[in-house]
Amino acid sequence: MIANPRWIGAGLVALSALSFGAMAIFARFAFAGGVDVTALLFLRFLIAGALMAVLMSALKRPWPRRRNALTLALMGGVGYVAQALCFFLALQHASAGLVALLLYLYPFLVTLLGVVFAGERLTLLRTLAVLSALLGTALTIGAGISGSPLGIALGVAAALIYSIYILVGNRVLKEEDPLAAAAVVMLAAAGVFGLVVLVDAPRFPASAAAWAAVLAIALISTVVAMVGFFAGIKRLGAADAATLSTLEPVVTFVLAAIFLDEPVSAAQMAGGAIVLGAVIALARGQAGAGQGKGSTSSR
C-alpha cells in the first residue's frame, strides 16, 4: 500500500515545526556566548547555504530554472531579510508575546490570500483548523501582550511578508525540487546578510558552546526545517502547511520547559492541546478526503 502523500506532507511539516521550534532554544545559548542577531543570521544562512550547495553537487540535483531561481533568490534575499527586519524591529516597540502572536497570524493570512488570489477552496475543516490553531497559539504564547501601534504594525508586516513568501514558494514548488529551492533561498539570504555584516560590525560567537548552538541552528533549524517545510508545501499546499506549522510555538515551550526549566502554565498546556488537535484533525480530514477521491496530490 502506497502511503498517502498528505500524510507524508504532514509528517514533513511536523518535522519542520520541530526543527524551527528548537531554534529559540539554540539561540538562547548562542546569545549567551556573545553572538548578536546580525552575526547569527549571517552564519545561519552561510553555513546552511554552503552545506546545501555541497549536497546539490554530491547528489547531482539540477538547480531551478532561471526564472524560478530569480524568484527564489528574491524570496531569500528580500523576503526573509524584510521579515526578519520587521520582526526584530517590532520587538523594540512591543512585547515578545505580542510580536510572536502577530507573526502567527500567517496561517490565517495564507489561507485568506490563497482564497482571494489563488482560487483556493475555503472548506469548513480548513476554517476551523486555522481558527483553532490561532486560539491555541495565543494560549501557548501566554501573557505579556502589550505594544505600541508601531510595534503592532511591524508585527503584522512580518506576518504578511512571511505569508506572501509562503504563497510564492507554493507556486514555484509546483515546478521545482524542494531541495534545490531551499538551497537558492539560503544562499540568497546569506549574500544579503553578508552585506549587512560588512557595515554593521557584528559580534561573532566567543565560545565553543556558542559556535555549537549556531551550527545547530544552521543544520537543524534551517536545513532540516526549510527543506521539510518546502517538501510539505509541495504535498499539502500553502494553507494547510502553514496551519500545521503552528506546532512551532508548542515545540518551543515544551523544549524550554525541558532544557531551560521555564515554567509551563495550564493555559499553555491547553493551547498546545488545541493546536495539536487542530493539526491532527486537518491532517486526518484532508488525507481522508484525498483517499476518498483516489487522489495522490493536494490539488
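So, how was this worked out
Residues numbered from 1 in each chain as written. Predicted model: local features only at pLDDT ≥ 70, side-chain atom pairs only at ≥ 80, totals over all residues. Heavy atoms only, no water. Helix = DSSP H or I, 4+ residues; strand = E, 2+ residues; numbered from the N terminus. Rg over C-alpha atoms; globule rule 2.2 N^0.38 Å. Buried < 20%, exposed > 50% of the residue type's maximum accessible area, 1.4 Å probe, protein only. Salt bridge = Lys/Arg side-chain N within 4 Å of Asp/Glu carboxyl O. Axes fitted to C-alpha atoms, helices over the stretch in contact; angles between N-to-C directions. Parallel < 35°, antiparallel > 145°, perpendicular 65-115°, else oblique. Left-handed = near helix turned anticlockwise from the far one by under 90°. Contact = heavy atoms within 4.5 Å. Nonpolar A, V, L, I, M, F, W, Y, C, P; charged D, E, K, R; others polar. Phe/Tyr/Trp six-rings, centres within 6.5 Å; stacked < 30°, edge-to-face > 60°. Expected span 1.5 Å × (residues − 1). pLDDT = per-residue confidence, 0-100.

K.L.:
Explain the overall build of the chain here, please?
P.N.:
Along its length, the chain carries 13 helices and zero strands. The order of helices and strands in the chain, counted from the N terminus, is α-α-α-α-α-α-α-α-α-α-α-α-α. The C-alpha radius of gyration computed for the chain amounts to 19 Å, which stays within 12% of the reference 19 Å derived for 299 residues, consistent with globular compactness. With the principal axes as the frame, the chain shows a C-alpha extent of 55 × 50 × 35 Å. Buried positions account for 49% of the 299 residues belonging to the chain.

K.L.:
How do you make sense of the pattern of salt bridges when you look at a structure like this?
P.N.:
Proximity of charged atoms lets side chains of opposite charge pair with each other. Under the criterion given, the structure shown has three salt bridges. With a shortest N-O distance of 3.4 Å, Glu-176 and Arg-65 are connected by a salt bridge. With a gap of 111 residues between them, Glu-176 in the loop between α8 (149-172) and α9 (178-200) and Arg-65 in the loop between α3 (37-59) and α4 (66-90) connect regions that are remote in the sequence. Look at Arg-65 and you get exposed, because its relative accessible area is 51%. Shared partners join several salt bridges into a network, and the residues in it are Arg-65, Glu-175 and Glu-176.

K.L.:
Is there a simple way to explain the packing of helix α1 (residues 5-21) against helix α12 (residues 247-259) in this structure?
P.N.:
How two helices sit against one another is set out by the angle between their axes and by the gap between those axes. The N-to-C vectors of α1 and α12 enclose an angle of 45°; their axes lie 8 Å apart at closest approach. Classified by the angle between their axes, α1 and α12 sit oblique to one another. Classified by chirality, the crossing of α12 by α1 is right-handed. Along the contact surface, α1 presents Ala-14, Ala-17, Leu-18, Phe-20 and Gly-21, while α12 presents Leu-247, Glu-248, Val-251 and Thr-252. Tallied by class, the residues present in the contact of α1 with α12 amount to six nonpolar, two polar and one charged.

K.L.:
Can you help me understand the side chain of Thr-243 in this one?
P.N.:
Turning to its location among the elements, Thr-243 is positioned in helix α11 (residues 238-244). By relative accessible area, which is 1% here, Thr-243 ends up buried. Excluding residues within four positions of it along the chain, Thr-243 makes contact with Pro-107, Thr-111, Ala-129, Val-130, Ala-133, Val-279 and Leu-282.

K.L.:
Can you help me understand the packing of aromatic side chains in this one?
P.N.:
Aromatic ring pairs are described here by two measures, namely the spacing of the ring centres and the angle between the planes. All told, the structure shown has eight aromatic pairs when counted by the stated rule. Seen from their ring centres, Phe-45 and Tyr-80 are 5.2 Å apart, and the 65° between their planes marks the pair as edge-to-face. Linking Phe-45 in helix α3 with Tyr-80 in helix α4, this pair joins segments that are 35 residues apart in sequence. Note on accessibility: Phe-45 and Tyr-80 belong to one class, buried. Considering the side-chain rings of Tyr-104 and Tyr-106, the 5.7 Å spacing of their centres and the 35° angle between planes classify their relative orientation as tilted. Here the aromatic cluster, defined as three or more aromatic residues joined through ring pairs, consists of Phe-45, Tyr-80, Tyr-104, Tyr-106, Tyr-162, Tyr-165, Phe-193 and Phe-230.

K.L.:
When you look at the environment of Gly-147 in this model, what are you seeing that I'm missing?
P.N.:
Residue position: Gly-147 is located in the loop between α7 (124-141) and α8. Sequence separation between Gly-147 and Leu-98 is 49 residues, and the spatial gap between their C-alpha atoms is 7.1 Å. Beyond its immediate sequence surroundings of up to four residues, Gly-147 is in contact with His-93, Ala-94, Leu-98 and Ile-152.

K.L.:
Looking at this model, I keep getting lost on the packing of helix α2 (residues 23-32) against α3. Mind explaining?
P.N.:
In contact at an axis separation of 11 Å, α2 and α3 are set at 125° when each is read in the N-to-C sense. The angle between α2 and α3 places the two elements in the oblique class. The interaxial crossing formed by α2 with α3 has right-handed handedness. The segment α2 lies against α3, with Met-23, Ala-27, Ala-30 and Phe-31 engaging Val-37, Leu-40 and Arg-44.

K.L.:
It is not clear to me how α8 should be interpreted in this structure. Could you clarify?
P.N.:
In this model, α8 (24 residues) spans 35 Å end to end at C-alpha, consistent with the 34 Å of a helix rising 1.5 Å per residue. Among all positions of α8, only Gly-151, Leu-154, Gly-155, Ala-158, Ala-159, Tyr-162, Ser-163, Tyr-165, Ile-166, Gly-169, Asn-170 and Val-172 are buried.

K.L.:
Honestly, the confidence of the model for the chain in this entry has me stumped. Any pointers?
P.N.:
If pLDDT is low for a region, its predicted coordinates should not be looked at in detail. The pLDDT averaged across the chain works out to 84; a share of 90% of its residues lies at or above 70. Ignoring residues within four places in sequence, the model shows residues 287-299, a span with pLDDT below 50, making 17 contacts including any to other chains.

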